[in-house]
Amino acid sequence: MEPVMICAIFSHPDDESFGVAGSVAFYQARGVRSALICTTRGAAGMCNGLAETPAELAAVRSEEFACAARTMGAAAYELLDFADGAGQNWDCSDLGARLEGLLARWRPPVVITFDKDGVTRHPDHIAVHSVVSGLIAAHGPELGVRRLFYQVVTCPEEASPEGPSLACVPPETVDVSVDIRPFEPVKRAALACHRTQAADTAHLLDQPAGSLRAEHYQLAWSADGWRPCAGAADLLVDLVSWPGERAVHE
Ligand SMILES: [Zn+2]
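For helix H3 (residues 92-106), spanning 15 residues, the distance from its first C-alpha to its last is 21 Å, which sits close to the expected 21 Å at 1.5 Å a residue. For H3, every residue scored as buried is listed here: Leu-95, Leu-99, Leu-103 and Trp-106. Down the axis of H3, the buried set is contained in an arc of 65°. They therefore lie on one face. Turned more than 90 degrees away from the buried face of H3 sit Ser-93, Asp-94, Ala-97, Gly-101 and Ala-104, all of them exposed. Each element contacted by the buried residues of H3 is listed here: strand E1 (4-10), strand E2 (33-40), strand E3 (76-82) and helix H4 (123-139). Of the residues trailing H3, Arg-107 is marked for its positive phi of about 50°.

Another point: the pairing of E3. By the bridge criterion, five bridges tie E2 to E3 in an arrangement that is parallel. The partner of Thr-40 across the bridge, within E3, is Phe-82. For the handedness criterion, the β-α-β arrangement of E2, helix H2 (residues 54-72) and E3 is classed as right-handed.

Attention shifts here to the sheet that holds E1. With respect to topology, seven strands assemble into an open sheet ordered E3-E2-E1-E4-E5-E7-E6, the strand pairing being mixed. The open sheet terminates on both sides in strands that have one partner only, identified here as E3 and strand E6 (176-179). Strand-to-strand twist across the sheet, computed as the mean angle between neighbouring axes with direction ignored, equals 25°. Looking at chain direction, E1 and E2 are connected through six bridges and run parallel. The residue of E2 that forms the bridge with Ile-9 is Ile-37. Most of the contacts of H4 go to strand E4 (residues 110-114), to which it runs at about 150°, and overall it touches E1, E2, E4, strand E5 (147-152) and strand E7 (214-222).

Conventions adopted
- Residues numbered from 1 in each chain as written.
- Predicted model: local features only at pLDDT ≥ 70, side-chain atom pairs only at ≥ 80, totals over all residues.
- Helix = DSSP H or I, 4+ residues; strand = E, 2+ residues; numbered from the N terminus.
- Expected span 1.5 Å × (residues − 1).
- Buried ≥ 20, exposed ≤ 12 C-beta atoms within 10 Å, placed from the backbone.
- Arc of directions from axis to C-beta.
- Contact = placed C-beta atoms within 7 Å.
- Pairing = 2+ DSSP bridges.
- Right-handed = clockwise from strand over helix to strand, strands pointing away.
- Axes fitted to C-alpha atoms, helices over the stretch in contact; angles between N-to-C directions.

Below is the structure:
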């Protein structure tokens, strides 16, 4: 079987669809396998009338996560069971050990997680950022990891007063932007899997077709000092040779 090349690690079912659905679909279309991990089952989230208890909500959101993972074409996906909303109290060494076990199984050369602000500043996002960053800095090479990227959103050119207060980054600090325009319908379908989170996904799903254009990443760490060129559009450049690329080098 082809190896898993990319593993994205987030906190809640739906983070993966907001963050990397287009990129996973982009690589899946090129025969590259990706894996997804969420560290909670989302039991503390909104239920949109689809669950009565936190346990029921966790079960529904686990199904929604599986739906999204299949929709975007993830080759593997895992949900852990850390307490939703309690990131500041998680046992970080336990989480690190669980993640290390999954990375040891897949040995992905590229890992993606939240940046230090976690896009929404949610404590669970920040906990995942901190545990994954520490794990890769300490054990990345022995786990086969070559690069760690942070998934980020870019600040709009003009701040909208009523827009959501996301922790965005200046566009010039982005290292890699994956062009997801051909996969916008896939990203929308993955987001739509999260029916319990409809109040949040509406922010993107209500935008006109053609508005979900790119997913952005900052390089956080590389095993060998690798850095992307300006304007890079591929998380796997220099790790994978694409059909047609060979002709350029010969
Ligand atoms: Zn989240």
